[in-house]
Structures are given as C-alpha cells and as structure tokens.
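Listed below, chain by chain, are the residues.
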Amino acid sequence: MRSVALFGALAALLALPDVLAVKSHDFKTCSQSGFCRRGRALAARAQEAQSSWESPYRVEPSSISVSPENSTIKASVKSSLYPEIKFGLELRIHEDGVVRVLLDEVDGLRKRYDEAASWALVSEPKLSKSIRWAVGKKELRAAFGKKNDIEIIVNYEPLRVRLRRGGEDQIVLNGRGLLHMEHFRSQTSKETVEEVASDENGEGQEVLQTENVRAWFEGDSEDAYWEEKFSTWTDSKPKGPESLSLDISFPNHGTVYGIPQHATNLSLPSTTGDSPSYSDPFRLYNTDVFEYLASSPMSLYGSIPVMHAHSAENTVGVFNAVGSETWIDISYPTKKSTHTHWISESGIMDVFLLPGPTPEEIFAQYARLTGTTALPAHWSLGYHQCRWNYVSSDDVRTVQKRFDEEDMPVDVFWLDIEYAQDHKYFIWDHKTFPDPVEMTNDVAAAGRKMVVIVDPHLKRTSDYPVYQEASDLDILVKPKSGEGEYEGWCWSGSSSWIDHFDPASWDWWISKFTTTKIDTGFSWTESTEDVHIWNDMNEPSIFNGPEITMPKDSIHYGGWEHRDVHNINGMLFHNNTAQAVRVRSDIPKRPFVLTRSFYAGSQRVGAMWTGDNLGTWDHMAVGIKMVLANGIAGMAFAGSDVGGFFGNPEPEMLVRWYQVGIFSPFFRAHAHIDTKRREPFLLEEPYKSIIRDILRLRYSMLPIWYTAFRENSVTGMPIVRPHYVMFPQDTAGFNIDDQFFVGSSGILVKPVTEKEKTEATVYLPEDQVYYDYFTQHAYRGSSEGKHVTVAAELHQVPVFIRGGSILPTRERPRRSSPLMKLDPFTLRVALSKAGTARGELYLDDGITYSHQQGELVWREFVAEQPQKKMTRISSKDLASQNPAKAVDGVALTAYDPKNAFAKEIEEVRVEKIVVLGLSSKPSAVKLESGADLKWEFVPGVAASDKKEGTASVLSIKDPKVLATADWAIVIS
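Because the structure is a prediction, the values reported are computed rather than measured.

Caption draft 1: Region of interest: the overall build of the protein. Scanning the protein for helices and strands turns up 17 helices and 53 strands. A compact globule built from 972 residues would reach a C-alpha radius of gyration of about 30 Å, and the protein, at 30 Å, matches this within 12%. C-alpha atoms of the protein, sized along the principal axes, occupy 120 × 75 × 70 Å. When burial is assessed residue by residue, the protein has 63% of its 972 residues classed as buried. In the protein, 70% of the contacts between residues at least 6 apart in sequence involve partners at least 24 apart. Averaging the locations of the 104 positively and 131 negatively charged side chains of the protein gives two centres separated by 7 Å.

Caption draft 2: Main features of the layout of surface pockets. If you add up the space inside the second largest pocket, you get close to 680 Å³. Lining of the second largest pocket is provided by 28 residues; of these, A43, Q47, R176, S331 and H339 occupy positions nearest its centre. Looking at the lining of the second largest pocket, the elements that each hand over two or more residues are α3 (34–49), β21 (326–334) and β22 (337–344). Per element, the largest residue contribution to the lining of the second largest pocket is 5 residues, and it comes from β21. By residue class, the composition of the lining of the second largest pocket is 8 nonpolar, 14 polar and 6 charged.

Caption draft 3: Here's a closer look at the UniProt feature "domain: Glycosyl hydrolase family 31 C-terminal" (unreviewed entry) in the protein. In the UniProt entry, the feature "domain: Glycosyl hydrolase family 31 C-terminal" (unreviewed entry) is given for residues 716–807. End-to-end, the C-alpha atoms of residues 716–807 are 21 Å apart, and along that stretch the chain is 4% helix and 38% strand.

Caption draft 4: The arrangement of the domain arrangement of the protein in detail. By domain assignment, the protein separates into domain 1 (52–182 + 243–253 + 314–330 + 343–370), domain 2 (383–455 + 507–540 + 565–715) and domain 3 (722–971). Computed over C-alpha atoms, the centres of domain 1 and domain 2 are 40 Å apart. Contact with domain 1, which involves 17 residues of that partner, is made by 16 residues of domain 2. Summing both partners gives a buried area of about 1100 Å² for domain 1 against domain 2, and 56% of it is carried by carbon and sulfur. Linking domain 1 with domain 2 are 0 salt bridges, by the criterion used here.

Caption draft 5: Representation of the nonpolar core within the structure. Formed by 196 residues in total, the largest nonpolar core has its most connected members in Y419 and F663. Top element by residues in this core is helix α11 (residues 562–583). It accounts for 8 residues. If near-sequence neighbours (up to four positions away) are discounted, F663 is found in contact with L697, R698, M701, W705, V720, F740, V742, I747, V749, V797 and V799. The next biggest cluster of nonpolar side chains, apart from the first, holds 58 residues, and it includes I85, L163, F217 and L353.

Caption draft 6: Seen up close, the confidence of the model for the protein. Residues at a pLDDT of 70 or more form 96% of the protein, whose mean pLDDT is 95. Contacts from residues 1–20, a stretch scored under 50 in pLDDT, to residues over four places away or in other chains number 9 contacts. Confidence drops under a pLDDT of 50 for residues 190–200, and excluding neighbours within four residues, the segment shows 26 contacts in the predicted structure.

Caption draft 7: Main features of the pattern of salt bridges. As enumerated under the stated definition, the model contains 76 salt bridges in all. R92 serves as the salt-bridge partner of E90, at 2.7 Å between the closest nitrogen and oxygen. Take E90 and R92: they sit in the same class, and that class is buried. Via salt bridges that share partners, D235, K239, E242, R283, E325, E345, E547, K552, E561, R563 and D564 belong to a single interconnected network.

Caption draft 8: Region of the structure containing the state of the cysteines. Applying the stated criterion to the full structure yields 1 disulfide. Bridging C30 to C36, the disulfide has an S-S length of 2.1 Å. A torsion of -100° about the S-S bond marks the disulfide between C30 and C36 as left-handed. By relative accessible area, C30 is classed as buried at 2%. For C36, a relative accessible area of 0% corresponds to the buried category. C386 carries a free sulfur, and the closest cysteine sulfur to it, the one in C490, is 17 Å from it. By relative accessible area, which is 2% here, C490 ends up buried.

Caption draft 9: Focus on the environment of R132. With respect to the secondary-structure elements, R132 resides in the loop between α4 (116–120) and β6 (133–135). With relative accessibility at 55%, the residue R132 sits in the exposed group. A C-alpha to C-alpha distance of 5.9 Å links R132 and A142, two positions 10 residues apart in sequence. Each residue touching R132, except ones within four places of it in the same chain, is listed here: N70, R141, A142 and A143.

Caption draft 10: Representation of the packing of aromatic side chains. Under the counting rule described, the total for this entry stands at 48 aromatic pairs. A ring pair is formed by Y57 and F87, whose centres lie 5.7 Å apart and whose planes are at 65°; its orientation type is edge-to-face. Taken together, the residues Y57 in strand β1 (residues 57–59) and F87 in strand β4 (residues 82–93) connect sequence positions 30 residues apart. Look at W119 and W506: their rings are 6.4 Å apart centre to centre, the planes differ by 85°, and that puts the pair in the edge-to-face class. Taken together, the positions of W119 in helix α4 and W506 in helix α10 (residues 504–511) put the pair 387 residues apart, joining distant regions of the chain. The class of W506 is partly exposed, set by a relative accessible area of 29%. An aromatic cluster is built from Y419, F426, W428, F433, W508, W509, F513, F522, W524 and F573, whose rings are joined through pairwise contacts. When the ring centre of F290 is taken as reference, the NZ or CZ atom of K23 above it lies at 5.9 Å. Above the plane of the ring of F184 lies R112, whose end atom (NZ or CZ) is 5.8 Å from the centre.

Caption draft 11: Broad picture of the UniProt feature "domain: Glycoside hydrolase family 31 TIM barrel" (unreviewed entry) in the protein. Following the UniProt record, the feature "domain: Glycoside hydrolase family 31 TIM barrel" (unreviewed entry) maps to residues 374–708 here. Structurally, residues 374–708 is divided into 33% helix and 11% strand, and its ends, taken at the C-alpha atoms, are 12 Å apart.

Caption draft 12: Spotlight on the pairing of β22. With 7 of 8 residues buried, β22 is to be regarded as a mostly interior element. In this structure, strand β16 (residues 244–250) lies alongside β22, joined through 7 bridges in antiparallel fashion. Paired with L246 across the strands is W342, a residue of β22. With 7 bridges joining them, β21 and β22 adopt antiparallel strand pairing. Looking at β22, one finds that T334 is bridged to S337. Hairpin geometry of β21 and β22 is characterised by an intervening segment of 2 residues between the two adjacent antiparallel strands.

Caption draft 13: Layout of helix α9 (residues 465–473). Restricting attention to buried positions, one finds in α9 the residues V466, Y467, E469, A470 and S471. Tucked into the core, α9 has its buried residues touching β27 (457–459), β29 (493–497) and α10.

Caption draft 14: Spotlight on unusual backbone geometry. With an omega of 25°, the peptide bond between P260 and Q261 qualifies as cis. As for its placement among the helices and strands, Q261 is situated in the loop between β17 (255–258) and β18 (282–284). Residue P357 is bonded to the preceding G356 through a cis peptide linkage, with omega at 15°. Along the chain, P357 falls in the loop between β23 (349–354) and α6 (359–370). Located in the positive-phi region is E547, a residue other than glycine, with phi close to 55°. Despite not being glycine, D958 has its phi angle at roughly 45°, a positive value. Structurally, D958 can be placed in strand β52 (residues 953–962).

Definitions and limits used
- Residues numbered from 1 in each chain as written.
- Predicted model: local features only at pLDDT ≥ 70, side-chain atom pairs only at ≥ 80, totals over all residues.
- Heavy atoms only, no water.
- Helix = DSSP H or I, 4+ residues; strand = E, 2+ residues; numbered from the N terminus.
- Rg over C-alpha atoms; globule rule 2.2 N^0.38 Å.
- Buried < 20%, exposed > 50% of the residue type's maximum accessible area, 1.4 Å probe, protein only.
- Contact = heavy atoms within 4.5 Å.
- Lys, Arg positive; Asp, Glu negative; His and termini not counted.
- Charge placed at Lys NZ, Arg CZ, Asp CG, Glu CD.
- 1 Å grid on protein atoms, 1.4 Å probe; cavity = no way out; pocket = protein on both sides within 12 Å on 5 of 7 lines; lining within 4 Å.
- Points joined across faces, edges and corners; volume = space filled by probe spheres on them.
- Nonpolar A, V, L, I, M, F, W, Y, C, P; charged D, E, K, R; others polar.
- UniProt positions renumbered as here; feature names shortened; annotations may be inferred.
- Domains from an automatic or database assignment.
- Buried area = accessible area lost by both parts, 1.4 Å probe.
- Salt bridge = Lys/Arg side-chain N within 4 Å of Asp/Glu carboxyl O.
- Core = buried A, V, L, I, M, F, W, Y, C linked by side-chain atoms within 4.5 Å.
- pLDDT = per-residue confidence, 0-100.
- Disulfide = S-S within 2.5 Å.
- Phe/Tyr/Trp six-rings, centres within 6.5 Å; stacked < 30°, edge-to-face > 60°.
- Lys NZ or Arg CZ within 6 Å of the ring centre and 35° of its normal.
- Pairing = 2+ DSSP bridges.

Below, the structure is given as structure tokens:
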C-alpha cells in the first residue's frame, strides 16, 4: 500500500509542475503590500457602509476656469479629511474625443511623479477646438463627438467624472467613492491628538485620545506609511505614504480585456465580489518570475495599464498613465457591468478615457496616444532558433549546416549570455567564440542574421570598459542615499545598472553599438550590421533584490525613486538599444531588439516575448491568450517560446507548439541550458517532416504577415485578433481566446493545445462560408454562431479562410526569407456567399526606412460579379489612392508607382491563382485584355450553396500577370 500511495502522490505532483515551479514566496501578495492593503481596506469599508458611503473629495465651483480655446478646464479640489491640502483637477478633450483627466497635489511638501505619460505618449495630443463647456451649480459638462452624442460630466460634490454616450454612463471615475490621493506629510505629524484632562480639583491628570475622525475612510492605523518589510528587506519609504486609489466603473459593459502581462484568460476573471476567480488583484509590477503559473493574477515581466470594456452595443477604454506598482481589482456586479479598483503606489492621477465606440476606434485612439508597432525588418518575421546557449562559433555553424541539410527554413540564430566573457556584454569569450565577425558573416551569407543578448547589468570591474565609462560619467542608478552607485547581483556577479532616465546616458549607450572604432571610448568593433540585440533581465532582474528586482528607494535621475518609475524602466533600456542599432550604419536600418520588460509605448520600439514559460500543455495554451492580450494593449509584435523555456517536451507537444508558433507574430524556439537539445532537425520521423512542413507554411504566409504588420503600424489594429474584435456584437465570442484571426487576411486559426487530440471544435461566428486552408472543405456558419468539429491529427492544424478573402502567398521553399524576395506569388481567392472577395499585399525592401519616402508596393485584389455568371478578379494600386495611409509615421503626399523599389521587383509575377467556391465550371478564363489562360477546374460545393463539402477549385496556372501591375481576369 505504501508503494502504491507513494506512486500516486508522485503522479499527482508530476501532474502539477506549475505548483512546484513558481517560488511564490519571492513575490508579494496584496496582503504583504502596505499600500495595496490600505486600498483594499478602503474598498471594504465602502462596501460595508453601502449607501451611506460618500467620497470626501469635492470640486470648489468658484475655482473653475476654462481655457480660451475651451478644450481644457481646471478646478481646485478639496478633501474633507484634510481641508488644508490642495489638489488640482484638469480635464482636456482631444481632437479625437479622448478625454484626459488629471489630478495632482498642489503646493505639497513634495512633488508627485508626473512624467509617466511623457514616456508613454508618442507626442503631445492635439486638443479639440470645438468644445463648449457648460458650468452649472452642481456640475460642469461638455458634449462632443461626430454626432455630438458623447458627454463628459464632472459632478462637484462628491467629485465624480462620467463619460456618457447616448444618455448612458460608459465610464465613471470615483462612482463608488474610492478615490484617495494620499498627500505628502511629515513623519512627525500625528494623526490622533492627545489631550490632557484633570479632575474637578485639578488633580489626577490623565491622557485622553480623541477619536480619529478620518478612520471611517482611512482606517485607524498608519499601515506601512514610513517603512515596510518584506522577507529580509526593508523599504525605507522616505517620502511616506503617497498611494493613489481610484475606482473606474463600466456600468454598461460586462467584459473587460487588457492590463497585460498576466498568464490568464483574455476576458479578465474577477478578483473580488461573489465567488471571485482569484483572491488577489491583478498586479502590474515588472518582475522576473521564475517558471510562472499558467493561471494567475501575479505580475510578470511587463505592464501596460490599459483596459478595454466591451458590450454588444459598444466598446470603451481607459489608459491609466502610471509607472509605479499597481494592483487592480475586478468584479462583475451584474452580467452587464464591471467594477474596477486601481491602487498605485505613487504618481499623479493621469487617466485617458477612450470613447470608442468600436474596438477599431479604441485601437486607433490608443495608437494616437502611444504609437503603433514599428514596421519591423521583414526577416524578423521568419523563424528564430535560440537556446541557452549555443556554446561556440563552430556550434552555430553546425546548427546552420543542419538546418540547410534538412531543408528547414530559418532566419535568425541567437546567442544567450555565455558568449560574453564573465558575462561582460559586448566582450566575446574568445576561447569559444574566437572569430565572432567571421561567424556572423558565415550566417549572413545565407541571408540570415544573428541576435546577441545584451542585458542591463554591468559587471563592476575596472577591466570592463562599458562599466568603467558609465561609472566615470556618473550615469549609474544610485542607492537610497543618492550618492555613489547602486550595487546588486545578477549574471555578471556584482553589478550596477545604467540610469536610462538620465539624458547623459543616451548618446553614450548608442555609441557602444558602433561597429567601428570611436574616439570617445569602447565600441563594439567585433560586431557587424547583421547582429541584432536581445534585451533580457530589464525589469530589472536583480538576484539579491526584493522580489528579484531593484529596491524601491534607489534613486534615478531627477531624484525620483525607483518606485516611481519601475514599470517604465525596462522600456527606456529597450528604446535606447533600438536607437543604437538603427543609427549604427550610414543608412539607418530597421532594428530588431527583443525585450522582456515593457510598458505602454514599448510597441514603438520592437518585439517582446512572454518570458520563461514551461514546456507544458497549459503554458502552450495560455501563451496564446497572453499574445492576444498584448495585442489588445498595443504590444502586437509578441510571441511565446516554442517548446517552453523549461523542460523537455515530448515530440507530440513540440509539434503542436510549432503549430502555435507559426501563427504568432514573433516566432522563436528557445530552451534552458539544462534541457536536451531540441532543434527540429534532431527529431525522429514523422515529427521532423511535420515540423519542416510547419516551418514552410509560415514562410509561404510571410506576405500575409508582413501585410498585417503594415496595417497594424498604421491603424493600431492587432495582428492576431480575438473574436470580439472581429465580431463585436457576437456575445458568444466575447470569451473566446483559443482561436483567432490573422490581421484582416481572413485566416482563422484554432491551434491544438491538448495532448492526444485528433479533432478540434471551431466556432464560426457568422452566416458565411469558411474553407479549410488545406483540403478546401467548405464549412457553413450561421448568424447565431455555430460550432463545427474538424480533423486535427498531429500533422494537421485547423486553419480556415473566411469567405470573401484573397490570400497572397509564396510557395517556393527557401533557406531564409531574404532569398524569397523575387519569388512569384500564389493568390487564393476564397469566394464569399455573395461571390465576392478582397485582399491586400504590401511590400517594401524590408530593411531600411525607404518606405517612408514612398518606396513600396501596396496592392488590392478584388473578386466581384459585374454580371450574372461572371467573376472578375483584379489588382489595383492602393498606395496611389491612399498615400496618407500607406505607411506608419509618415503621411505621404504623393506616391509614384514607378518608385525605385517597385522597379526592383517589377518582374515578380503571379504564378498561380486558385479560386474556391465557383458555382459551375467556367466556359472561359481570360485576361481582360483578351488573352486566353490555362486553367483546370475540379467541381465541388459552391460558396453560395447551403450544404457543406469540398469546394469547387479553379486553378489558373501562370496567368501572366505581374504582382506590381494593374490587371484583370474574367471568368465566364
């Protein structure tokens, strides 16, 4: 019995790897965080008081002032708790209807951190010039919007801000009275007053303590105001309490998304209220969580404080520009409403209200604030092969050779920390990498790149020039004393960190990546322009720090504490590294710099990945949800490590993970130093051939991916899109996060993320035909939504083409994506029920910024029925029609279809057109100019039919049309 029991226990433990992996005791819960405890206790008191609860904050009507152009209004705010403390309220209405709400302490003992938005915003927003405020006795209000149906209302007593549409509240700030900005105070002040009393004879004095009149709101103790202990660390809190509590309610929206990064469902689960899914709030605090849980509100590596609230009627959003640690409670009091409570450790209130009303408009509004994903280098959309670590130059060459021998495409090889001597980044270990430039050139000869890690910690030794120069320039983060250099422990041993908030560090850091000698110190001469960068550990991760990060009382440029800027810190390191890679060549080239830590605005810089995941089915599944959530928050160039960073996945799991990876914007396989080698060429058959086909599928679809990235770079629309984005009125799709669409292409994917599955259930959300990408089987959706069961053997990934789509692909296998530049295209025309279809193709050189000068090709493909029994397929130039919308960051005033890049690829042709769903065999297929074309037709189900089955397929071979030219083909 003992052996059976022991085996059963062991099996149970092995089935729960997440529980054993994460070291939860290294990280705070809300109950271990003083300001979070205070915020939650405030909410509990409000809940207990019910209707008798009222916020102590009020607007002083006599102080209201309106700017001359009417876009901005300012007012004084007082709290009845502390009448002597002054606060300033400001509202600004932007041109696009976004409302910015700011609240700050005025003339306080100290200044609250107010620079978070300046790091996040791409530029200062343009303010509306058509607003008219109505200032009344109890409230002020303004109406605006295209239909003048949006209202912003500020109630005076208590202070409440409401965004309304159509007469209904959409977003309410302080509706539950949880607003509390803890003012700066002196530690010597007492919150209770001691009085001396005597008896009637003047003798027998005793000390009486008056009632704390603020206890009903703040509680009756100074909970962690001036010092806070966690494990062996003490946070000195020299500024005292300064947290900000704010409730944000969505009275008419029952689903919320966003606030990455968390390993959880896309539709955010509850943390308070009746039967909450989690007991702790969602936490935004960039941390290095070793082997994180696959379902948890714990903070991870990045923080983007943006939330979307959605209903079948409309979508709204909030962006809370705060850089400090933040906890967010979520509850759903009814099926159609949401309450959230944001508790931040420091900073001003700086909240942007996004009025929508559609998901598409929310993305555009947020993109105008924080920017879009920079259009990446084309090669970076290919396959990235990484592990900790490829051990030598010869190892890298051997891995490349094996990929070529097995006819497996790959674009990038990666080097982790072991390339660097004693983990002194930039400094090669010549014992194992004696020829780094020659090695890189060997990789580049096949059109490939290297990515090399550069972490933010600098080894504290005088023989490391990067550290010594930073020390001499006094640009390193300082300890709490404000003097000297903060010292912590990381891969390099005793380390210091560059303060990237210090402008003096920017040009200096950029100069380190120069590949030629410079006069002002060290530069990376043992590098080439084919080396790109990986920024890891930039939360920052500090092994001997509290919660594996930097002490909050460390000092940055300007005297700000690390607590004020923690979540922003990693973005600045990422940004400055990307700038360095961009400008190191005479002609600026698009950098690829991967980051682990990120904040709002990081999308402007480059890609991210979901960190140190485990090789488990649960982590494979949650990785999809995390990538979708990042896209919702603007960080679209995202992916999870294929295979999991930890563990040794079985071949079945590895195959399924590659199927997930090829449909992620960022596609990389990575593995821990202690794992077995698992490059795809090492697998036995049939797994090796299956993964070869998977890789080739990704490469054939690169035109689709690059076109989706262009759209994202201009509009902010996610690259991988959940159902609520595509079908915002379909309530059945609000919680779906295991299938998604790729851009506007019409591709629908349902990866298999469970063991030993041979079928998959896919949700079709509309009355439209969906074609299996591989078999051309036509499935029928319905207006109420419909689930269909499809085959999903190990070699099969459920991929569908939505009726009405045209997909451009390149079907010739190559070793790397740059070698595909002049390859011909295949067009898949998937006819809708109405017999129509549309698609786009975007191309540029994929390397430089010449596209911003108009050197690009942007085509539209259309299938239409100009008359009965006729289908016309055409190609026309989109860039000439929409030059201002062609590229990110630049509004072209004109476009020349004969630009230099277009001429470079003018001979690239369309080698095949496949039309799915024609109703009958054509009698003729011709160019509109008159020439007959060669074609084959296989009869089958028509797009307009009601039945399912294999669709009819018309294959037009060598239609003799060019990818860059206008043309039309008529099918009679």
